[in-house]
Amino acid sequence: MKQFLLSSFFMLITSMISWSQKGKVEKGYLVTRKGDTLRGFVSWKKNSDVNDKVWFSTAEEAEPIEYNWDQVEIAVKETNDDLIRVSSIKRDLEYLDKADYYIRLKDSVVTETIPLSRVYAGKLYSLYHYYDVADRYFIYDGKEMVQLLLKYRYLTPAEQKMYTDSKVPRYYVLKIYQSQLGVYYDFMKDKKLKNLLEYTEYEEKPLVNLISKMNARSK
């Protein structure tokens, strides 16, 4: 009896851990790589990465089926319009380590299939997000997914001599994404939006604000 209760307890704990990894189950659908649309209930972990899964079931209480991200093209939660688009993409891995302000994985790239969470949907351009060791943002024009890049470089010795405060960061932030967005919109013909672009930080709300205006002003 004791062994049965212990076994049941561990099964319950395992089940609870499993469902906590899946995230909230909601009405939605999957579009698979084979082109099938599966309607029912879906679940995935917030900020899912390449190693996570997505779950699908035909009924809310039914045993879910596990899918790897490379088996899926799109996953949608209909109740709140959460959407993940799975893309095979070559992406930059460089990031600034906030613990010591050193540049990590400089100029490193990888090609992989990853789940990208949509944070803004526009008529022409949409914004997607992925998190690994840092926030990464992507722009989608209905055909191609492109990573918006934030790069860094260390100060040169001559530049470092200009600063007497040792607490001054030893790097420059290179906002490559600002020039990338110029491929999608002619900022030189729109002074107000050009000024907004220059002050747009690599964060969700500022990027959504800018791209929404790009959509609104595009013909």
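Figured I'd write up the structure that's included with this text.

A short note on the side chain of serine 126
With respect to the helices and strands, serine 126 occurs in strand β10 (residues 126-131). In terms of polar contacts, serine 126 uses its side chain to reach the backbone amide nitrogen of glycine 122, at 3.2 Å. Look past the residues within four positions of serine 126 in its chain and what remains in contact with it is Tyr120, Ala121, Phe138, Ile139 and Tyr140.

Digging into unusual backbone geometry
In most cases, non-glycine residues show a negative phi, while peptide bonds are predominantly trans. Positive phi values are uncommon outside glycine, yet asparagine 47 reaches one of about 55°. Classification of asparagine 47 by relative accessible area gives partly exposed; the value is 41%. Even without being glycine, aspartate 81 reaches a positive phi, approximately 60°. Residue position: aspartate 81 is located in the loop between β5 (72-77) and β6 (82-92).

Focus on the packing of helix α4 (residues 191-199) against helix α5 (residues 204-217)
Closest axis-to-axis distance for the α4/α5 pair is 10 Å, and the angle between their directions is 160°. Compared by their axis directions, α4 and α5 come out roughly antiparallel. The hand of the α4/α5 crossing is left-handed. Here α4 contributes Lys192, Leu193, Leu196 and Leu197 to the contact with α5, which in turn contributes Asn209, Leu210, Lys213, Met214 and Arg217. Here the residues of the contact of α4 with α5 are counted per class, giving five nonpolar, one polar and three charged.

Let's talk about the pairing of strand β9 (residues 109-120)
Side chains on a regular strand alternate between the two faces of the sheet. Note that β6 and β9 share nine bridges and pair antiparallel. Directly across from aspartate 92, in β9, lies its bridge partner valine 109. Alignment of β9 against β10, held across three bridges, turns out to be antiparallel. Paired with tyrosine 120 across the bridge in β10 is leucine 127.

Rules used in this analysis
Note on numbering: residues in each chain are counted from 1, in written sequence order. Selection of residues for local features in this predicted model requires a pLDDT of at least 70, selection of side-chain atom pairs for listing and counting requires 80 or more, and totals for whole chains, interfaces and linings are taken over all residues. Excluding hydrogens and water, the side-chain values take into account all heavy atoms of the structure. Here a strand is any run of E in DSSP of at least two residues, a helix any run of H or I of at least four, and the numbering for each starts at the N terminus. Here a polar contact is recorded for every N or O atom pair within 3.5 Å, except that within protein the pair must consist of a potential hydrogen donor and a potential acceptor, and residues adjacent in sequence are included only if both atoms are side-chain atoms. Contacts are assigned to residue pairs that have any heavy atoms within 4.5 Å of one another. Burial here depends on accessible area, computed with a 1.4 Å probe over protein chains only, as a share of the maximum for the residue type. Under 20% is buried, over 50% is exposed, and the range in between is partly exposed. Note on geometry: axes are lines fitted to C-alpha atoms, helical ones only across the stretch in contact, with angles between N-to-C directions running from 0 to 180 degrees. By definition in this entry, angles of less than 35 degrees are roughly parallel, angles greater than 145 are roughly antiparallel, angles of 65 to 115 are roughly perpendicular, and the rest are oblique. The sense of a crossing depends on the near helix, which, turned anticlockwise from the far helix by less than a right angle, makes the crossing left-handed and, turned clockwise, makes it right-handed. Side-chain classes follow a simple rule in which Ala, Val, Leu, Ile, Met, Phe, Trp, Tyr, Cys and Pro form the nonpolar group, Asp, Glu, Lys and Arg form the charged group, and the remainder, Gly included, forms the polar group. For two strands to count as paired, DSSP must find a minimum of two bridges between them.

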